[in-house]
Amino acid sequence: MNLLTKRPHIIFLVFAVITFILGLNANGGIDINIHDTYYVISNYHFATLISILFGIIGLIYWIVKKVNGNLSKRLNLVHVTLTFGGIFLILILNEFFRKSIMEYDFNENLTMVIYLISAIVIFGQIIFPINIISGIIRKRNKT
């Protein structure tokens, strides 16, 4: 728990490296269907994008820590939990897709839940800049 709240940069940087390594030999792709348009992203490019984002977030957390910024431990915990907990839930729910055509309703509902969790993870990233800005403001008020 101490690592999540006091050193979130370590978690993000470690997962950036892990994601990049796993993405090196990833086959296939991600198909996103929005109305009549399909967006196809290869797993390699998606893993590279995620590892770059995790690296940037980890680097910003590290820079704020080095300049003695006062980040909220509670917001750090919420940000890390939403990010990695949401991704973990999406990976688990992805394994429940059924191959049978008779189970179309189940897959559609499961897809909706995965989209909802994805939206929560994406909107949860708003906590990160809020935490950084409030940490900078708190530091200015102390000096």
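Residues numbered from 1 in each chain as written. Predicted model: local features only at pLDDT ≥ 70, side-chain atom pairs only at ≥ 80, totals over all residues. Heavy atoms only, no water.

1. Section: the packing of aromatic side chains
Next up, step 1: Taken as a whole, this structure holds 6 aromatic pairs when the rule is applied.
Next up, step 2: Where F12 meets F84, the ring centres are 5.0 Å apart and the plane angle is 45 degrees; that geometry is what we call tilted. With a gap of 72 residues between them, F12 in helix α2 (residues 8-24) and F84 in helix α4 (residues 73-94) connect regions that are remote in the sequence. Comparing F12 with F84, the two get one shared label, buried.
Next up, step 3: Their ring planes at 55 degrees and their centres at 5.1 Å tell us that F54 and F84 sit as a pair that is tilted. Linking F54 in helix α3 (residues 43-66) with F84 in helix α4, this pair joins segments that are 30 residues apart in sequence.
Next up, step 4: We classify F84 as buried; its relative accessible area is 15%.
Next up, step 5: An aromatic cluster of at least three residues, connected via ring pairs, comprises F12, F15, F54, Y61, F84 and F128. (Phe/Tyr/Trp six-rings, centres within 6.5 Å; stacked < 30°, edge-to-face > 60°. Helix = DSSP H or I, 4+ residues; strand = E, 2+ residues; numbered from the N terminus. Buried < 20%, exposed > 50% of the residue type's maximum accessible area, 1.4 Å probe, protein only.)

2. Some details on the pairing of strand β1 (residues 29-34)
Next up, step 1: Alignment of β1 against strand β2 (residues 37-42), held across 6 bridges, turns out to be antiparallel. What sits directly across from I34, in β2, is T37.
Next up, step 2: Between the end of β1 and the start of β2, which pair antiparallel, lie 2 residues, with H35 showing a positive phi angle near 55 degrees. (Pairing = 2+ DSSP bridges.)

3. Some thoughts on the packing of α3 against α4
Next up, step 1: The N-to-C vectors of α3 and α4 enclose an angle of 165 degrees; their axes lie 14 Å apart at closest approach. In terms of orientation, α3 and α4 fall into the roughly antiparallel class. Considering how the two elements wind past one another, α3 and α4 form a crossing that is left-handed. For the pair α3 and α4, contact is made by F54, I57 and Y61 and by N76, H79, T83, F84 and I87, respectively.
Next up, step 2: Looking at the contact of α3 with α4 residue by residue, the classes come out as 5 nonpolar, 3 polar and no charged. (Axes fitted to C-alpha atoms, helices over the stretch in contact; angles between N-to-C directions. Parallel < 35°, antiparallel > 145°, perpendicular 65-115°, else oblique. Left-handed = near helix turned anticlockwise from the far one by under 90°. Contact = heavy atoms within 4.5 Å. Nonpolar A, V, L, I, M, F, W, Y, C, P; charged D, E, K, R; others polar.)

4. Overview of the environment of I87
Next up, step 1: Mapped onto the secondary structure, I87 falls in helix α4.
Next up, step 2: Judged by relative accessible area, I87 falls into the partly exposed class, the value being 30%.
Next up, step 3: When sequence neighbours within four positions are dropped, the list of residues in contact with I87 reads F54 and V121.

5. Observations concerning the nonpolar core
Next up, step 1: I11, F12, A16, F54, I57, Y61, V64, L71, V80, F84, F128 and I132 together form the largest nonpolar core, which totals 12 residues.
Next up, step 2: Those elements that provide at least two residues to this core are α2, α3, α4 and α6 (127-142).
Next up, step 3: Per-element tally for this core: the top contributor is α3, with 4 residues.
Next up, step 4: Apart from the residues within four sequence positions on either side, V64 is in contact with G69, L71 and I132.
Next up, step 5: L93, L110, I117 and V121 belong to the second largest nonpolar core, which has 5 residues in total. (Core = buried A, V, L, I, M, F, W, Y, C linked by side-chain atoms within 4.5 Å.)

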